[in-house]
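Topology and contacts: notes
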Amino acid sequence: MGALHDGHLSLVQRSLAENELTVLSIFVNPAQFAPHEDLATYPRTLPGDLELLIAQQVTVGETVRKPSAVFLPSVQEMYPSGISQDVSAQKGAFVEMKGYGHQMEGASRPTFFRGVVTVVTKLFNAVQPTNAYFGQKDIQQALLLRRLCKDLLFPHPEADHVHIVPTARDPNDGLALSSRNAYLSVNERKFAPALYKALQYAESAWSNGESKERCISKAVAVVDEVKAQAAIDGVNVRLDYIEMNDSETFDVLDGSSNHHLARDIPVILSGALWVGKTRLIDNIVIGDLERIIK
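Residues numbered from 1 in each chain as written. Predicted model: local features only at pLDDT ≥ 70, side-chain atom pairs only at ≥ 80, totals over all residues. Heavy atoms only, no water.

1. Overview of the packing of helix 8 (residues 194-207) against helix 9 (residues 212-232)
Two elements in contact, helix 8 and helix 9, have axes separated by 8 Å at closest approach and are oriented at 150°. Accordingly, the angle class assigned to the pair helix 8 and helix 9 is roughly antiparallel. Along this stretch, helix 8 crosses helix 9, giving a crossing that reads as right-handed. Residue-level inspection shows Ala 194, Lys 197, Ala 198, Tyr 201, Ala 202, Ala 205 and Trp 206 of helix 8 in contact with helix 9, the latter providing Lys 212, Cys 215, Lys 218, Ala 219, Val 222, Val 223 and Val 226. Counted by class, the contact of helix 8 with helix 9 contains 11 nonpolar, no polar and 3 charged residues. (Axes fitted to C-alpha atoms, helices over the stretch in contact; angles between N-to-C directions. Helix = DSSP H or I, 4+ residues; strand = E, 2+ residues; numbered from the N terminus. Parallel < 35°, antiparallel > 145°, perpendicular 65-115°, else oblique. Left-handed = near helix turned anticlockwise from the far one by under 90°. Contact = heavy atoms within 4.5 Å. Nonpolar A, V, L, I, M, F, W, Y, C, P; charged D, E, K, R; others polar.)

2. A short note on the sheet that holds strand 9 (residues 278-286)
Strand pairing within a sheet occurs via backbone hydrogen bonds; the two strands may be parallel or antiparallel. A sheet is described by the order of its strands in space; here 3 strands give the open sequence 7-8-9, paired in antiparallel fashion. The outermost strands of the open sheet, each flanked by one partner alone, are strand 7 (237-246) and strand 9. The average undirected angle you get between the axes of adjacent strands in this sheet is 15°. With 9 bridges joining them, strand 8 (residues 267-275) and strand 9 adopt antiparallel strand pairing. In the strand pairing of strand 9, Trp 274 is matched with Arg 279. Along the sheet face, helix 8 touches strand 7, strand 8 and strand 9 and points at about 25° away from the line of strand 9. Sitting on the sheet, helix 9 is in contact with strand 7 and strand 8, with an inclination near 165° to strand 7. (Pairing = 2+ DSSP bridges.)

3. Regarding unusual backbone geometry
The omega angle of the peptide bond from His 156 to Pro 157 is -5°, so this bond is cis rather than trans. The topology assignment puts Pro 157 in the loop between helix 6 (139-151) and strand 6 (162-165). Notably, Ala 3 is not glycine yet its phi reads approximately 50°, a positive angle. Structurally, Ala 3 can be placed in the segment before helix 1 (6-18). Looking at Ala 3, the relative accessible area reads 10%, which means it is buried. In this structure, Phe 250 takes a positive phi of about 70° despite not being glycine. With respect to the helices and strands, Phe 250 occurs in the loop between strand 7 and strand 8. Classification of Phe 250 as buried rests on a relative accessible area of 2%. (Buried < 20%, exposed > 50% of the residue type's maximum accessible area, 1.4 Å probe, protein only.)

4. Quick notes on the pattern of salt bridges
For the structure shown, the criterion picks out 16 salt bridges. The partner of Arg 109 in a salt bridge is Glu 37, and the shortest N-O contact between them spans 2.9 Å. With Arg 109 in the loop between helix 4 (105-108) and helix 5 (112-127) and Glu 37 in the loop between strand 1 (23-25) and helix 2 (46-54), this residue pair connects regions lying 72 residues apart in the sequence. Assessed through its relative accessible area of 21%, Glu 37 is described here as partly exposed. (Salt bridge = Lys/Arg side-chain N within 4 Å of Asp/Glu carboxyl O.)

5. Digging into the packing of aromatic side chains
The geometry of an aromatic ring pair is captured by two quantities: the separation of the ring centres and the angle between the planes. All told, the structure shown has 7 aromatic pairs when counted by the stated rule. Plain terms: the ring middles of Phe 112 and Phe 113 are 4.9 Å apart, the flat faces sit at 65° to each other, and that makes the pair edge-to-face. Note on accessibility: Phe 112 and Phe 113 belong to one class, buried. An aromatic cluster is defined as three or more aromatic residues linked by ring pairs; in this entry it consists of Phe 27, Tyr 79 and Phe 94. Just above the ring of Phe 94 sits the side chain of Arg 114; from NZ or CZ to the centre is 4.4 Å. Stacked on the ring of Tyr 196, the Lys or Arg Arg 169 has its end atom at 3.6 Å from the ring centre. (Phe/Tyr/Trp six-rings, centres within 6.5 Å; stacked < 30°, edge-to-face > 60°. Lys NZ or Arg CZ within 6 Å of the ring centre and 35° of its normal.)

6. Some words on the packing of helix 5 against helix 6
Interhelical geometry of helix 5 versus helix 6 gives an angle of 50° and a closest axis separation of 10 Å. Comparing the axis directions of helix 5 and helix 6 gives the class oblique. By crossing handedness, the relation of helix 5 to helix 6 is classed as right-handed. For the pair formed by helix 5 and helix 6, the contact residues are Phe 112, Phe 113, Val 116, Val 117, Val 120, Thr 121 and Phe 124 on the first element and Gln 140, Gln 141, Leu 144, Leu 145, Leu 148 and Cys 149 on the second. Split by residue class, the contact of helix 5 with helix 6 holds 10 nonpolar, 3 polar and no charged.

Here you go:
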């Protein structure tokens, strides 16, 4: 959606390395914002984004590859019947993912994935890509798009050509790069890595054979400690959720599950945290990464 950072640019670099032509889309999609969310204030930095994209290049053999085009559709072009952030007032064709969009992020943002899969369907129809690249930070979104292509028999891209690229992080404290990080004040930014730290504690506990319930409890304790520290500095930190889900069904793991009892399916350990008025998300994939991150 623009406001590009190194995470987005890692997707560009991957595409340039693997394809002769790379087309990028930048579109702030109204359909994935609920009426109370930040559509009006979402960072829009198109001139800077274009400068970053012009500078991207990868050398393959004797060929220097650069982005081929940037697709910048208007809201009217993408939603010719008009668009409202209120789902009940929307008209025209929309795409829904039944049974997979109400867990994890969908529990907090119930209309979000309807907007995402609809706009990506439109983008895929317009561009007809052989390969498509999405970031792990939005893991549920990326897996849903892979399933979208499989369920609706997309010829371009096929499901196996929807690639998920590892999350790009701040090299100093591990914070997942996100356009919304720009909302954080200097004081708030100090506490933003709390979510990733909490997920790491849960991952370690899981690796040591502890139950899912214990893993989540340890992660929450990390957040609670940071929350108390942040309050002293006048920063409000509030946990939305931390959960462990089956990566295929998105079903919540049973509280007594541990890595000895879990199926041979990767587990998604994910969470969302409010720091001030900024909602941050992150995740760690536990298990056979190559089944997901590819």
